[in-house]
Amino acid sequence: DAGVTQSPTHLIKTRGQQVTLRCSPISGHKSVSWYQQVLGQGPQFIFQYYEKEERGRGNFPDRFSARQFPNYSSELNVNALLLGDSALYLCASSRGTGLENTEAFFGQGTRLTVV
Amino acid sequence: GQNIDQPTEMTATEGAIVQINCTYQTSGFNGLFWYQQHAGEAPTFLSYNVLDGLEEKGRFSSFLSRSKGYSYLLLKELQMKDSASYLCAVRDPGNQGGKLIFGQGTELSVKP
């Protein structure tokens, strides 16, 4: 079975540009969460979607947005990129909302570099 | 507020045992996770505790005390490949969701 897949794996963008990151969850998983991980720190929660509805939003500016599609895949969009947005962006999928005792599995991440 | 603390770095010897501690203060609690993350890679799931006590899985064990807001990950018979960052994360049910709140990670170096 395929795990969580993210694309692209690496990306270089210029300040002020926009970027879209993509995630396909494990088959049968309906929840997708996005995390930002800056070098040397733990991942920081950005968004969670379950059944195409937003279930949680972290402390990130409105430049960050996301959505979930009917097939449960998800996109994370970041507008007006700043140098500080350079990070590893991780997608995690789980079977339920997270209120149940289910594991969260991570994709390999997208390494975004803003220059 | 939300706060998860774990040591920044630890060093141990191959074949030895190491314990990585994690303390947490969160507004909600629905389980504590430990993940292993090698440099440049995604976190991989190690263990999950929602009730107090010890969960054992091979060379890895994890303990939880909800009243103390405390957990530890115990690694036995250390191998060189265990050199990695170990992330403690609390699941906060929040707005009917299940976001994970991570500590900053403990960088473990295993020496020969």
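Residue indices follow the written sequence of each chain, beginning from 1 at its first position. Here the convention is simple: chains get letters from A, ligands get numbers from 1, in the order in which they are written. Per-residue local features are limited, in this predicted model, to residues with pLDDT of at least 70; the limit for side-chain atom pairs, both in listing and counting, is 80 or more; totals at the level of whole chains, interfaces and linings are taken over all residues. Side-chain metrics rest on all non-hydrogen atoms present in the structure, leaving aside hydrogens and water.

## Points about the side chain of Gln6 of chain B
Residues and elements named next belong to chain B.
Argument step 1. Labels follow the DSSP assignment, with helices taken as runs of H or I lasting at least four residues and strands as runs of E lasting at least two, numbered in each case from the N terminus. In this structure, Gln6 sits in the loop between β1 (3–5) and β2 (9–13).
Argument step 2. Throughout, exposure labels follow a simple rule: accessible area from a 1.4 Å probe, protein chains only, divided by the maximum for the residue type, with under 20% read as buried, over 50% as exposed, and the rest as partly exposed. For Gln6, a relative accessible area of 6% puts it in the buried group.
Argument step 3. N or O atoms within 3.5 Å of each other form a polar contact, as long as, within protein, one can give a hydrogen and the other can take it, and as long as residues adjacent in sequence are counted only when both atoms are side-chain atoms. Engagement of the side chain of Gln6 in a polar contact is seen with the side chain of Thr106, the distance being 3.0 Å.
Argument step 4. Note on definitions: a residue-residue contact is assigned when non-hydrogen atoms from the two residues lie within 4.5 Å. If we ignore the near neighbours within four places in the chain, the residues touching Gln6 are Ile20, Asn21, Cys22, Trp34, Tyr86, Leu87, Cys88, Gly103, Gln104, Gly105 and Thr106.

## Quick notes on unusual backbone geometry
Residue and element names in this part refer to chain A.
Argument step 1. Residues Ser7 and Pro8 are joined by a peptide bond in cis, for which omega reads -10°.
Argument step 2. Although it is not a glycine, Glu51 adopts a positive phi angle of roughly 50°.
Argument step 3. Along the chain, Glu51 falls in the loop between β5 (44–50) and β6 (53–57).
Argument step 4. Judged by its relative accessible area of 28%, Glu51 falls in the partly exposed class.
Argument step 5. Unusually for a residue other than glycine, Tyr72 sits at a positive phi of about 75°.

## Quick look at the interface of chain B and chain A
Argument step 1. Every contact between the two is made by 23 residues of chain B and, on the other side, 23 residues of chain A.
Argument step 2. The quantity reported as buried area is the accessible area (1.4 Å probe) lost by two parts once they are put together, taken as the sum for both. Approximately 1800 Å² of surface area, both sides summed, lies buried where chain B meets chain A, with 53% of it carried by carbon and sulfur atoms.
Argument step 3. We count a salt bridge whenever a side-chain nitrogen from Lys or Arg sits within 4 Å of a carboxyl oxygen from Asp or Glu. Summed over the shared surface of chain B and chain A, the number is 0 salt bridges.
Argument step 4. Of all the secondary structure elements, the ones that give two or more residues to the side of chain B that touches chain A are β4 (32–37), β5 (44–49), β9 (84–92) and β10 (99–102) of chain B.
Argument step 5. Here the term charged refers only to Asp, Glu, Lys and Arg, the term nonpolar to Ala, Val, Leu, Ile, Met, Phe, Trp, Tyr, Cys and Pro, and the term polar to all other amino acids, Gly among them. Considered class by class, the residues forming the side of chain B that touches chain A number 11 nonpolar, 9 polar and 3 charged.

## Observations concerning the nonpolar core
Argument step 1. Only buried residues count toward a nonpolar core, which is a set of Ala, Val, Leu, Ile, Met, Phe, Trp, Tyr and Cys residues joined through side-chain atoms within 4.5 Å. Of all hydrophobic cores here, the largest spans 22 residues; its most connected members are Trp34, Ile46, Leu76 and Tyr89 of chain A.
Argument step 2. Counting residues per element, the ones that place at least two in this core are β3 (19–24), β4 (31–37), β5, β7 (64–68), β8 (74–78), β9 (87–94) and β11 (110–114) of chain A.
Argument step 3. If we skip the residues at most four places from it in the chain, Ile46 of chain A touches Trp34, Tyr35, Gln36, Gly56, Arg57, Gly58, Phe60, Phe64, Leu76 and Tyr89 of chain A.
Argument step 4. Phe60, Leu64, Leu75 and Leu78 of chain B belong to the second-largest nonpolar core, a separate cluster that totals 21 residues.

## Quick look at the sheet that holds strand β6 (residues 53–57) of chain B
All names here are of chain B.
Argument step 1. Note: two strands are recorded as paired if DSSP finds a minimum of 2 bridges between them. On the basis of which strands lie adjacent, the open sheet formed by 5 strands has the order β1-β3-β8-β7-β6 and antiparallel pairing. The sheet is open, and its two edges are formed by β1 and β6, each paired on a single side. Neighbour-to-neighbour, the strand axes of the sheet open up by a mean angle of 15°, direction not taken into account. Every axis corresponds to a line fitted to the C-alpha atoms, with the helix fit spanning only the stretch in contact, and the corresponding angles, defined between N-to-C directions, vary from 0 to 180 degrees.

## Section: the pattern of salt bridges
Residue and element names in this part refer to chain A.
Argument step 1. Under the definition given, this model contains 9 salt bridges over all chains.
Argument step 2. Among the ionic pairs, Glu54 bridges to Arg57, the shortest N-O distance being 3.4 Å.
Argument step 3. Residue class for Arg57 comes out partly exposed when judged on its relative accessible area of 42%.
Argument step 4. Overlapping salt bridges bring together Arg22, Arg67 and Glu75 as one network.

## Description of the confidence of the model for chain B
Argument step 1. How sure the predictor is of each residue is captured by pLDDT, a score from 0 to 100. Scored by pLDDT, chain B has a mean of 92; 96% of the residues are at 70 or more.
Argument step 2. Per-element confidence in chain B is highest for strand β8 (residues 70–75) of chain B, whose mean pLDDT is 98, and lowest for β10 of chain B, whose mean pLDDT is 90.

## Observations concerning the state of the cysteines
Argument step 1. Only a pair of cysteine sulfur atoms within 2.5 Å counts as a disulfide in this structure description. Scanning all chains against the criterion turns up 2 disulfides over all chains.
Argument step 2. The disulfide partner of Cys23 of chain A is Cys91 of chain A, and the S-S distance across this bridge is 1.8 Å. Of note, the bridge from Cys23 of chain A to Cys91 of chain A carries an S-S torsion of about -60° and is left-handed in sense. Of this pair, Cys23 of chain A sits in strand β3 while Cys91 of chain A sits in strand β9; the two residues are 68 residues apart in sequence, bridging distant segments of the chain.
Argument step 3. Cys91 of chain A sits in the buried class, given a relative accessible area of 0%.
Argument step 4. Disulfide pairing places Cys22 of chain B opposite Cys88 of chain B at an S-S distance of 2.0 Å. When the S-S torsion is -65°, as for the bridge of Cys22 of chain B with Cys88 of chain B, the disulfide is left-handed. Of this pair, Cys22 of chain B sits in strand β3 (residues 18–25) while Cys88 of chain B sits in strand β9, and the two are 66 residues apart along the sequence. The same class applies to Cys22 of chain B and to Cys88 of chain B, which are both buried.

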